[in-house]
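The chain contents come next:
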Amino acid sequence: MKSILSLAFVFACTCTSFAQRSAPIVSPDVQDDHSVIFRLRAPKSQSVTLRGQWQKEPVPLTKDAEGLWSLSVPNVPAGVWEYSFLVDELAMIDPVNPAQKPQRNPTSSILHIPGTPPNVWDFQDVPHGTVHQHTYLSKALSKQRSAWVYTPPGYEAGTQKEYPLFVLQHGSGDRHETWVMHGKAHWILDNLIAAGKAQPMILLMIDGHPLGQVPRDMADRRALSLAAFKNELFQDAIPLVESHYRVSADRAQRAIAGLSMGGWQSLSIGMTNLDRFAWIGSFSGAVDENEIKPALDDAAGTNAKLKLLWIGCGEKDFLLERNNQLIAKLKASGVNYEWHETAGDHSWPVWRNYLTEFAPKLFR
């Protein structure tokens, strides 16, 4: 009898220990008071810290006897935030959080805390559009490529109406999915359209790295990449949208904008192809004046074709001086523009606001 009881006791202890070790980890664990608990199981690690976009400095986690690291962060403000763990100084995503920022080298997870009342990038109870995923063989590049296309609420119910087309591009460290997965562009458009603040439109988002990620100091390679991106955009991506969706062929119904690298692409391509685009936006982008020299040299012709040239940059952005130089050149040349120097740095909280401000101006 004692043997049976002892065996039962050992079995119970083993099961309890196993249950404790195998219990699912929740991270991030958002509490009702907007505090957030972060957890990571790393029993052999010597240090784990949290790097969160809402705070200036990394904060250490505490390790328990089972090798589970944890940290409770109070009063995290509403927003869509990036965060990562530094595990023995190695940056990594939160392995139990499926919300990851699409990047060329993924290191950031996403923490989304909705606002009260909801922010424009939060999910709201309004009619919603659809995000379509396309994989295609690029004739311009002779390789497989991908694009995402957003159609506005009600698009599938119609058969005749044509919609404006807005090409929206990501930055150097990101991918074509990032404007949806992290930027929440689809919800921003849904909410703006529902509020009557923006026209229904179709978004095209393609991979801005036709030749792979190119360092900023490789000028020749960057020029080749820009040319390849332009060729793919005009020969493959836009024709794909035109063949699958009801988009207007009118240049006055075409816009191009992007953030950082995407802003550079939008300025360079948009300003030299005004027969294709009437609306151009740059969010923390920059461009060499020689790349848009024809537009600068013919200010009258440029102004006649441009509906809007919208440029924004944060006051703490490392590209602010480049933007100031561009604004000075546009002013000296007589090209019309709309300039916004705002709070913030080179980051997604700034760029979501820029899309929120830029989209309502389009196609009016």
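What counts and how
- Residues numbered from 1 in each chain as written.
- Predicted model: local features only at pLDDT ≥ 70, side-chain atom pairs only at ≥ 80, totals over all residues.
- Heavy atoms only, no water.
- Helix = DSSP H or I, 4+ residues; strand = E, 2+ residues; numbered from the N terminus.
- Contact = heavy atoms within 4.5 Å.
- Pairing = 2+ DSSP bridges.
- Buried < 20%, exposed > 50% of the residue type's maximum accessible area, 1.4 Å probe, protein only.
- Axes fitted to C-alpha atoms, helices over the stretch in contact; angles between N-to-C directions.
- pLDDT = per-residue confidence, 0-100.

### Brief notes about the environment of Ile202
By the element assignment, Ile202 lies in strand S13 (residues 202–206). For the pair Ile202 and Tyr245, spaced 43 residues apart in the sequence, the C-alpha separation amounts to 8.6 Å. Residues contacting Ile202, with those up to four places away along its chain left out, are Val149, Tyr150, Thr151, Pro152, Tyr155, Tyr163, Pro164, Leu165, Phe166, Tyr245, Arg246 and Val247.

### Structural notes on the sheet that holds strand S5 (residues 62–63)
In space, the 4 strands of this open sheet follow the order S1-S2-S6-S5, with antiparallel pairing throughout. Either end of the sheet is taken by a strand with one partner, and the two such strands are strand S1 (29–30) and S5. Sheet analysis places S1 next to strand S2 (residues 36–41), joined by 2 bridges and oriented antiparallel. The residue of S2 that forms the bridge with Asp29 is Ile37.

### Some words on helix H5 (residues 261–271)
For H5, the buried fraction is high: 11 of the 11 residues fall into the buried class. What H5 keeps buried is the set Met261, Gly262, Gly263, Trp264, Gln265, Ser266, Leu267, Ser268, Ile269, Gly270 and Met271.

### Structural notes on the sheet that holds strand S15 (residues 279–283)
Strand order in the open sheet formed by 8 strands is S10-S11-S13-S12-S14-S15-S16-S17, and the pairing between neighbours is mixed. Of all strands in the sheet, those with a lone pairing partner are strand S10 (130–138) and strand S17 (338–342), marking the two edges. The mean angle between the axes of side-by-side strands here comes to 15°, regardless of whether they run parallel or antiparallel. Of the strand pairs in this sheet, strand S14 (residues 254–259) and S15 are connected by 5 bridges, and their pairing is parallel. Within S15, the position partnered with Ala257 by the bridge is Gly281. Packing of helix H3 (residues 185–194) onto the sheet brings it into contact with S10, strand S11 (143–151), strand S12 (165–169) and S13, and relative to S11 it is tilted by some 25°. Those strands touched by H5 are S12, S14, S15 and strand S16 (308–314), and its axis lies near 150° from that of S14.

### Points about the side chain of Ser248
Structurally, Ser248 can be placed in the loop between helix H4 (219–244) and S14. We classify Ser248 as buried; its relative accessible area is 10%.

### Looking at the confidence of the model for the protein
With 94% of its residues at a pLDDT of 70 or more, the protein shows a mean pLDDT of 93. For the stretch residues 1–20, pLDDT sits under 50, and the model shows 1 contact to residues farther than four places along the chain or on other chains.

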